[in-house]
Amino acid sequence: MFKESFKYYKSKWPVPDFKDVINFSGQGSDEEVKEIHLSDCEDFASLGLPLGLQPVHHWKLFTLNNRPGLVVIRHAFTAQGQRYWMARSLRDYPRTPNRVNLNERLFQKSVLDDWWSSLQNCADKDEARRMKISMRWTTLGYHHDWDTKIYSEELHTKFPEDLAKLSKFFASVLGYSFYEAQAAIVNYYPIGTTLAGHTDHSEQNLEAPLFSISFGQTAIFLIGGQTREEKPTALFLESGDVLVMSRESRLCYHAVPRVMKAREETWNTLIEPPSKSSKESSLEPPVQPNKRLRTEVPCITSTDTQAALEWGMDPILYHQVTDDIFWSPFKSYLHDSRININVRQVLYENQRTLIDDICGS
C-alpha cells in the first residue's frame, strides 16, 4: 500500500490527482484534520522570540486524527526568517567539517569543503549544474553512518548554535521541557527528485520529537504506519512549515514522492518593518501577498543585533538576505529546489555521550 501511493504521487505521466492531498487550508474533512490551539494561559513571552519567527499567536497548528503524534505548524516564519535559514542551509551548513554526500572521486576537495562558494565561482554552466544537482545532503552534529545505520562518538562535530536554539524554542512551545538538538540532516531536493519510504530509528532516544522544517518549493509528504502494508496519508509541505514527529509517528514509514512548484514563493516577498512605535517593532510582520520587494538593506540596529546574538544567529546574514543583489544566487537556487532540515535529539537527558548508559554512569 505504501509503495503504491509512492508510485502514484511520483508519476510524471499521467499526472496524479492531488485532491486527496491535505493542505491544511480548509481542504480535507474534519475526520482527517484537527486544528489545535496553544493554551491561552501559557506565557510564551517568557521564552523570548527568535528573529525571523512570527509571534506564537500567529501560528497555525494541525494534527491528523489517524496519525497520532504528528503535528504540522504553519505560519511560524516570516519571509526574512525563511531567507535566513535558506542562506544558512546553502552557504554555511555544507562547509567542512560537516559531512556531505558528494563523492571525492567526482569533485575536487574545494567543492567538498565549501560547496556553495565553489558553485558560485564556477564559470562552466554544465559543471555548475552538475555541482548543484549532485548536492543532496549535509549532516550536522552527530553524523549518521549510512553503512551501519548508527551514530558514533567519533563522527561528531559541533552542532550549529542557532539551529539548536530554534529547535529548542519549538520544543518548548510544544511542551517538551528538555530538548537538545544533537544531530541534523539537511536535504536538498531539486524538483523531480524523491525520498523513498523509510523510518527514522537510529537515535537512542525515540521519545524526543523530530523536527522537520521545509523551505523553498512544495513537497508531497507521505506518512504511513509502522509497516509498509498500511496506506499512507498524503499532505503538502510548503515553505516555512514545521512537521513534528513524536510518540507513535516517530517510527512510522514516511517518504517524499514529489517536489513541485509552490503556489506562491512567499520567501521572495518582503515588506517594510513596522514603525518603532509598534509593540512588535523588532519583528517582521506576517507575510502578505502582492507587496513590492524591498530593495534597500536596512541598517543593522543594536536591538536586532543583540536579539540575533542571544539566539546564536548571524546578525549580518539576517540583514544581508533582504538585499536583492546578495539574495540573487539563493533565489536562483530555490526557484526549482526545496530544502528540508531534519533535527533530532540523539541522547537521553542524563547522557553526555553515546557510550554513557542511560543512568549516566
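Residues numbered from 1 in each chain as written. Predicted model: local features only at pLDDT ≥ 70, side-chain atom pairs only at ≥ 80, totals over all residues. Heavy atoms only, no water.

An unreviewed UniProt entry lists the protein under the name Nucleic acid dioxygenase ALKBH1, with Musca domestica as the source organism.

A. Quick look at the overall build of the protein. Helices and strands together make up the secondary structure of the protein, namely nine helices and 13 strands. Counting over 361 residues, the protein shows a buried share of 52%. Carbon and sulfur atoms make up 51% of the accessible area of the protein, which amounts to about 17700 Å² in all. (Helix = DSSP H or I, 4+ residues; strand = E, 2+ residues; numbered from the N terminus. Buried < 20%, exposed > 50% of the residue type's maximum accessible area, 1.4 Å probe, protein only. Areas by Shrake-Rupley, 256 points an atom, 1.4 Å probe, with all protein chains shown as cover.)

B. The arrangement of the sheet that holds strand β10 (residues 233–237) in detail. Across the sheet, four strands lie side by side as β7-β12-β9-β10; this open sheet has antiparallel pairing. Looking at the sheet topology across the chains shown, the edges are occupied by β7 (195–198) and β10. Each adjacent strand pair in this sheet contributes to an overall mean axis angle of 20°, direction not counted. Two strands pair when backbone bridges link them, and strand β9 (residues 218–223) and strand β12 (residues 254–260) are joined in this way by five bridges, in the antiparallel orientation. Within β12, the residue paired with Ile220 across the bridge is Arg258. Against the sheet, helix α1 (residues 2–10) engages β7, β9, β10 and β12, with an angle of about 10° to β12. (Pairing = 2+ DSSP bridges. Axes fitted to C-alpha atoms, helices over the stretch in contact; angles between N-to-C directions. Contact = heavy atoms within 4.5 Å.)

C. Broad picture of α1. Looking only at α1, the buried set comprises Phe2, Ser5, Phe6 and Tyr9. One side of α1 carries all its buried residues, which in axial view fall inside an arc of 100°. Facing away from the buried side of α1, by more than 90 degrees, are the exposed residues Lys3, Glu4 and Lys7. Structurally, α1 contributes buried residues whose contacts are with β7, β9, β10 and β12. (Arc of directions from axis to C-beta.)

D. Inspection of the side chain of Asp162 at higher detail. As for its position among the elements, Asp162 is in helix α6 (residues 161–173). Given a relative accessible area of 2%, Asp162 falls into the buried group. One polar contact links Asp162 to Tyr84, side chain to side chain, over a distance of 2.8 Å. The residues touching Asp162, leaving out its near neighbours within four places in the chain, are Tyr84, Trp85, Arg88, Tyr93, Trp311, Gly312 and Met313. (Polar contact = N/O pair within 3.5 Å; in protein donor to acceptor, adjacent residues only side chain to side chain.)

E. Region of interest: the packing of aromatic side chains. Taken as a whole, this structure holds 22 aromatic pairs when the rule is applied. Taking the centre distance of 5.0 Å and the plane angle of 80° together, the rings of Tyr8 and Tyr9 count as edge-to-face. Since its relative accessible area comes to 40%, Tyr8 is described here as partly exposed. Owing to a relative accessible area of 8%, Tyr9 belongs among the buried residues under this scheme. Both rings, one in Trp115 and one in Trp116, keep their centres 5.7 Å apart while their planes meet at 55°; by these two values the pair is tilted. Exposure class is identical for Trp115 and Trp116. Each is buried. An aromatic cluster of three or more residues is present, and its members are Trp59, Phe77, Phe169, Phe170, Tyr179, Phe211, Phe215 and Trp311. (Phe/Tyr/Trp six-rings, centres within 6.5 Å; stacked < 30°, edge-to-face > 60°.)

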